[in-house]
Amino acid sequence: MSSNPVTVTVAYHVVPGREADFHSWGWAMLAASSQQPGFLGGGVLVDREAEWHVVYRFASEGTARAWEDSAARTQWHRRAMDFAQQTERRSVRGSKLWFDSQTALPKAPTPPAKWKLWFVNMSAVFPPVLLFNLIVLPYLGGLNPLVRTLLLCLCVTALVTWILMPRLQRFFKKWLYPPLQALRGRHKRRTA
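This section reports on the structure supplied with the text. None of these values were measured; they are calculated from a predicted model.

Definitions and cut-offs
- Residues numbered from 1 in each chain as written.
- Predicted model: local features only at pLDDT ≥ 70, side-chain atom pairs only at ≥ 80, totals over all residues.
- Heavy atoms only, no water.
- Axes fitted to C-alpha atoms, helices over the stretch in contact; angles between N-to-C directions.
- Helix = DSSP H or I, 4+ residues; strand = E, 2+ residues; numbered from the N terminus.
- Parallel < 35°, antiparallel > 145°, perpendicular 65-115°, else oblique.
- Left-handed = near helix turned anticlockwise from the far one by under 90°.
- Contact = heavy atoms within 4.5 Å.
- Nonpolar A, V, L, I, M, F, W, Y, C, P; charged D, E, K, R; others polar.
- Pairing = 2+ DSSP bridges.

**A short note on the packing of helix H5 (residues 114-136) against helix H6 (residues 145-171)**
Turning to step 1, where the next piece is worked out: Closest axis-to-axis distance for the H5/H6 pair is 9 Å, and the angle between their directions is 135°. Considering their axes alone, H5 and H6 lie oblique with respect to each other. As H5 runs across H6, the sense of the crossing is right-handed. Packed against H5, whose contacting residues are Val120, Asn121, Ser123, Ala124, Val125, Pro128, Val129 and Phe132, the element H6 presents Arg148, Leu151, Leu152, Cys155, Val156, Leu159, Val160, Leu164, Met165 and Leu168 at the interface.
Turning to step 2, where the next piece is worked out: A breakdown of the residues in the contact of H5 with H6 according to their chemical character gives 15 nonpolar, two polar and one charged.

**A closer look at the packing of helix H1 (residues 19-33) against helix H3 (residues 71-80)**
Turning to step 1, where the next piece is worked out: H3 packs onto H1 with a crossing angle of 175° between their chain directions and a minimal axis gap of 11 Å. When the interaxial angle is binned, H1 and H3 end up roughly antiparallel. Across the interface between the two elements, Trp25, Ala28, Met29 and Ala32 of H1 pack against Arg73, Trp76, Arg79 and Ala80 of H3.
Turning to step 2, where the next piece is worked out: Classifying every residue of the contact of H1 with H3 gives six nonpolar, no polar and two charged.

**Thoughts on the sheet that holds strand E1 (residues 6-14)**
Turning to step 1, where the next piece is worked out: Taken together, four strands build an open sheet; the order of strands is E2-E3-E1-E4 and the sheet is antiparallel. The outermost strands of the open sheet, each flanked by one partner alone, are strand E2 (39-46) and strand E4 (84-93). For this sheet, the mean angle separating the axes of adjacent strands, direction not counted, is 15°.
Turning to step 2, where the next piece is worked out: Strand direction decides the pairing type here: E1 and E4, joined by nine bridges, are antiparallel. From the neighbouring strand, Thr9 faces E4, where its bridge partner is Arg90.

Structure follows, in structure tokens:
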């Protein structure tokens, strides 16, 4: 292996809804590049927004350039034009510079739509409030309204925080974050 390997990262803006197509394309393109002399490895990285990266490594600048100038690489680039647009290319020699360079941290996942959050919250809050009003409040009728309300809030928030919301978030995960779940599921099926 050369003492001066080259790592290339290519950033892409992916058309919303076509993330799975890009994911498949990226791994297939890397499989094709692995047939080239000097190929050391690569991967497809998700930035959880519309920004994706294809990273590959070759033993030298010459072998990396040979792949990028090849007819096969040009054909792979054309295939991606329907669902992605290249936004940036970065090449770094050696591994120390790659890991020491200052790069932006990945962006946090996009939060779900407000109406979805409202639905999950209502699904967690409504049942305990209803049960508390039907079962417990008739026995607390003689208490001060302030104390009754405080008891209601303490009981409901405890149930929602530690019992209901964690279970509802797991149950609705695929609905709240569909693009991430679709990609994870597709990746697991490919490796199995």
